[in-house]
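Fold and geometry: a report
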Amino acid sequence: MSNAIRKYLIAGNWKMNKTASEGVDLANEIVLSLAHQTDVSAVICPPFTALESCAKVLEGSNVQLGAQNMYPKAEGAFTGEVSPVMLRSLFCNFVILGHSERREYFKESDAFINEKVKAALESSLKPILCVGETLEEREADKTLEVIKTQLSGGLAGIDVENAEPIVIAYEPVWAIGTGKTATPEMAQEVHAAIRKELASIFNESVADHIRILYGGSMKPENASELLDQPDIDGGLIGGAALKAKSFIELVEIARQKV
Ligand code: 13P
């Protein structure tokens, strides 16, 4: 990352892993190492059921809390759903939206994800909007087209003055949980295209402030090269975020570049 106006962000997406008490153990280990550093934004995103117990562990530290999803209404008859207001009350600062697993398994559309992005911003939650192409789409040379559609759909109707807190995560679907990482050059190409698209949706200054994370089999072994790319501002980490050691190492690798 060459642009000093953006602070690296390393976010752990725990997905459907860790009970509340297992989450506390992991959060405790992370806080022991990272509580005082401020060079890098470190965020953990436990499942809903572990948010409250993890929030207590994070209290007073510089490690922040995020959720993995939410419903775009403040309250009401939406059985099984969780609102942005509820997440804020548990001291969440971030929320992952439009993850490819939700797009695939729960059929979330760009329009629905857009409602969530807007509702998150209204509740002062920073959305981490995930975009990314499937292997089939990449092989058909449709990567940039897919990303553009996901960005314009997911960010429709958001006022430019509200856009800076948004975080984008580029997660090529074929690289998630597969051990296959995009090469730093492949990732940079898409990140640069995302920033260009953000400049056209909002403006150049906002695009320069929005952090764009890479996600997909990112781990300590491949993070340094990825983070060296000018438009890669951090990572959204799955598997490697479930062990304190590798998550802490990823934050340390980013810190060394500050
Ligand atoms: P992995 O790091 O396990 O590939 O998962 C990436 C991801 O989906 C993060 O949201």
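We now turn to the structure provided with this report. Everything numeric here is computed off the predicted structure, so don't read it as measured data.

What follows deals with unusual backbone geometry. Although it is not a glycine, K18 sits at a positive phi angle of roughly 85°. Residue K18 is classed as partly exposed on the basis of its relative accessible area, which comes to 27%. Positioned with a positive phi, D141 is a non-glycine residue whose angle comes to about 65°. Judged by relative accessible area, D141 falls into the exposed class, the value being 71%.

Before going further, it helps to spend a moment on the layout of surface pockets. What the largest pocket holds in volume is close to 480 Å³. Lining the largest pocket we find 18 residues, and of these K15, M16, Q68, R102 and F106 sit closest to its centre. Contributing elements (two or more residues each) for the lining of the largest pocket: α2 (48–58) and α4 (100–105). Here the lining of the largest pocket gets 3 residues from one element, more than from any other, and that element is α4. Considering only enclosed or pocket space, the second largest pocket measures out at about 250 Å³ in volume. Taken together, 19 residues make up the lining of the second largest pocket; nearest its centre are G177, S217, I237, G238 and G239. In the lining of the second largest pocket, the residues fall into 7 nonpolar, 9 polar and 3 charged.

By the secondary structure assignment, I158 is in the loop between α7 (143–154) and β6 (167–170). Linking I158 and I201, residues 43 residues apart in sequence, is a C-alpha distance of 9.2 Å. Sequence-distant contacts of I158, that is, excluding residues within four places in its chain, are made with N114, V117, K118, L121, A163, I166 and F202.

It is worth spelling out the site of the ligand at this point. Taken together, the residues surrounding the ligand are N13, K15, H99, E171, A175, I176, G177, G216, S217, L236, G238 and G239. Contact distances for the ligand include 2.8 Å between an oxygen atom and a side-chain N or O atom of K15. With respect to the ligand, the backbone of G238 contributes an N or O atom lying 2.9 Å from an oxygen atom. Expressed as a share of its isolated accessible area of 310 Å², the protein-covered part of the ligand is 94%. The cavity that encloses the ligand is the second largest pocket. Split by residue class, the shell around the ligand holds 3 nonpolar, 7 polar and 2 charged.

Cut-offs used in this document
Residues numbered from 1 in each chain as written. Predicted model: local features only at pLDDT ≥ 70, side-chain atom pairs only at ≥ 80, totals over all residues. Heavy atoms only, no water. Buried < 20%, exposed > 50% of the residue type's maximum accessible area, 1.4 Å probe, protein only. 1 Å grid on protein atoms, 1.4 Å probe; cavity = no way out; pocket = protein on both sides within 12 Å on 5 of 7 lines; lining within 4 Å. Points joined across faces, edges and corners; volume = space filled by probe spheres on them. Helix = DSSP H or I, 4+ residues; strand = E, 2+ residues; numbered from the N terminus. Nonpolar A, V, L, I, M, F, W, Y, C, P; charged D, E, K, R; others polar. Contact = heavy atoms within 4.5 Å. Near = heavy atom within 4 Å. Polar contact = N/O pair within 3.5 Å; in protein donor to acceptor, adjacent residues only side chain to side chain. Areas by Shrake-Rupley, 256 points an atom, 1.4 Å probe, with all protein chains shown as cover. Sits in = over half its atoms within 2 Å of the grid points.

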